[in-house]
Amino acid sequence: MSKNESNKGLGSVTHPRLHVASFENDRSAELKIISEIAQGLNGSVDIREALQTTLAHVAQLLGLETGWIWLLNEETGSSYLAASQNLPPALAQNPRRMEGSCYCLDIYHDGEMAGAANISVVSCSRLKNLVEDTNGLTYHASIPLYAHGKELGLLNVASNDWKELSADELQLLHTVGDMLGIAIERARLFEDSLEMGAVNERNRLAREIHDTLAQGLAAIVLQLETADALLETSPEREKLSPLITKAVTTAQENLEEARRSVMGLRATPLDGCTLAEALRRTVRSLPSDGPSVDFSIIGEDAPLPTAIEAGLLRVAQEALNNVQAHAQADSVEMWLSVTPEQAELEIRDNGIGFDVQTMPQNRFGLLGMNERVKLLEGTLHIESTPGQGTHIRAQIPLHNAHLRDVSS
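Keep in mind the model is a prediction, meaning the values are calculated, not measured.

Colleague: Just checking my understanding: could you explain the packing of helix α8 (residues 275-284) against helix α9 (residues 306-327) for this structure?
Modeller: Pairs of packed helices are described in terms of their axes, by the angle between the two and the distance that separates them. Look at α8 against α9: their axes get within 10 Å of each other, and the N-to-C directions meet at 15°. As summarised for this structure, α8 and α9 are arranged roughly parallel, according to the angle between their axes. The crossing of α8 and α9 is right-handed. Of α9, the residues touching α8 (which contributes Leu 275, Ala 278, Leu 279 and Thr 282) are Glu 309, Leu 312, Leu 313, Ala 316, Gln 317 and Leu 320. Taken together, the residues that form the contact of α8 with α9 break down as 7 nonpolar, 2 polar and 1 charged.

Colleague: Explain the pattern of salt bridges here, please?
Modeller: Between side chains of opposite charge, pairing is possible as soon as their charged atoms come close. Taken as a whole and judged by the stated rule, the model has 4 salt bridges. With its nearest N and O atoms 3.4 Å apart, the salt bridge here joins Arg 393 to Glu 344. You can see Arg 393 sitting in strand β10 (residues 390-397) and its partner Glu 344 sitting in strand β8 (residues 342-349), a full 49 residues away along the chain. Neither Arg 393 nor Glu 344 differs from the other in exposure class; each is buried. Shared partners join several salt bridges into a network, and the residues in it are Glu 74, Lys 150 and Glu 185.

Colleague: Got a minute to help me understand unusual backbone geometry in this structure?
Modeller: The backbone of Asn 86 sits at a positive phi, close to 55°, despite the residue not being glycine. Inspection of the secondary structure puts Asn 86 in the loop between β2 (79-85) and α4 (89-92). We classify Asn 86 as partly exposed; its relative accessible area is 48%. Look at Glu 377: it is not a glycine, yet its phi comes out positive at around 65°. Residue placement: Glu 377 occurs in the loop between α10 (364-375) and β9 (379-384).

Basis of the calculations
Residues numbered from 1 in each chain as written. Predicted model: local features only at pLDDT ≥ 70, side-chain atom pairs only at ≥ 80, totals over all residues. Heavy atoms only, no water. Axes fitted to C-alpha atoms, helices over the stretch in contact; angles between N-to-C directions. Helix = DSSP H or I, 4+ residues; strand = E, 2+ residues; numbered from the N terminus. Parallel < 35°, antiparallel > 145°, perpendicular 65-115°, else oblique. Left-handed = near helix turned anticlockwise from the far one by under 90°. Contact = heavy atoms within 4.5 Å. Nonpolar A, V, L, I, M, F, W, Y, C, P; charged D, E, K, R; others polar. Salt bridge = Lys/Arg side-chain N within 4 Å of Asp/Glu carboxyl O. Buried < 20%, exposed > 50% of the residue type's maximum accessible area, 1.4 Å probe, protein only.

By themselves these figures say nothing about function.
So, in structure tokens, the structure goes:
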């Protein structure tokens with residue numbers, strides 16, 4: 001159904017039935033639903049947890065089989081799938097169908113879905129032309145999410161049993177949407193405060209390293225260089241000079257490492273861009289005479305915590321460096337997929353591969369990747385066979401992601 005065709009029947013289209021017994025005559029049922037959802041939202045300051053809590057309560061208390069929530073990226077304004085509950089296989093197994101815009105998002109952006117009176121059931125363009133694995137879902141109800149007049153996204157709920165929504169049912173869903181909008185704004189403010197706190201702590205550590213370790217090493221280098229100069233006329237120079245030279249070299253190396261640590265603490269490796277942009281920049285920076293790299297992404301507009309973005313970028317950089325140095329490959333495929341549940345990065349090359357069971361212990365690149373992923377509570381899978389290339393997959397769960405902060 002086209003947008004113009006759907007607009008003609010926006011006020012008269014059939015609505016899904018919400019299974020609430022004697023809803024019009026039982027205000028206590030409505031209050032119970034609102035109370036339980038409010039308690040769930042008040043118990044969390046994590047956006048993903050708040051969204052899943054709402055979907056679970058709505059599905060349980062209103063008898064709805066399926067739901068999903070779109071949020072708008074605060075920087076780009078683009079929509080992304082932020083949470084889902086019991087998606088039909090046709091959508092759950094093909095996340096690309098949940099990319100981009102659709103009819104309900106279009107009318108939301110056009111300002112035609114501003115309140116309860118405008119909440120309507122519309123033909124689901126994402127299920128259009130699908131016959132199998134839809135669990136009978138062809139329509140859904142859309143509830144706009146706002147906070148202080150600011151567009152946040154949409155809450156979609158669906159059932160495979162239909163009738164026209166009553167005014168009370170619409171009002172209940174609109175109330176739930178208002179509560180969810182407030183919870184989203186509160187969670188975002190909390191995440192911003194955590195991020196700012198992490199930045200301030202990194203800057204504090206950087207200052208301490210600079211003011212203590214780096215300055216101390218610089219002083220040692222200066223003293224050793226002075227001692228080396230004074231030994232020019234000493235009869236023991238031949239014995240002492242090599243020791244001093246080695247000490248100078250070691251101190252200089254440690255000084256450089258301290259400076260790198262300071263820079264790493266002061267700025268994340270993304271340098272103000274998104275993870276997708278940073279990965280594309282990494283691919284473009286590879287030597288032109290190296291293997292070709294094909295990069296694709298699902299969920300580009302879904303924001304991730306800085307620690308996860310930085311960790312996945314480092315994993316990608318290390319993996320691509322390993323391909324350049326060891327794989328003897330001529331092509332690489334790299335995928336990034338961000339869903340409400342996890343962020344997943346995969347790198348596959350067609351190089352010479354290696355025996356994972358007998359991997360040398362000095363392969364610090366692979367060990368470093370594994371440590372980074374573990375710090376993010378994720379898992380790293382390495383599959384390789386001699387002569388058949390290598391496949392690396394990093395999976396980072398997004399539950400409680402706001403609580404994590406690891407060095408970039």
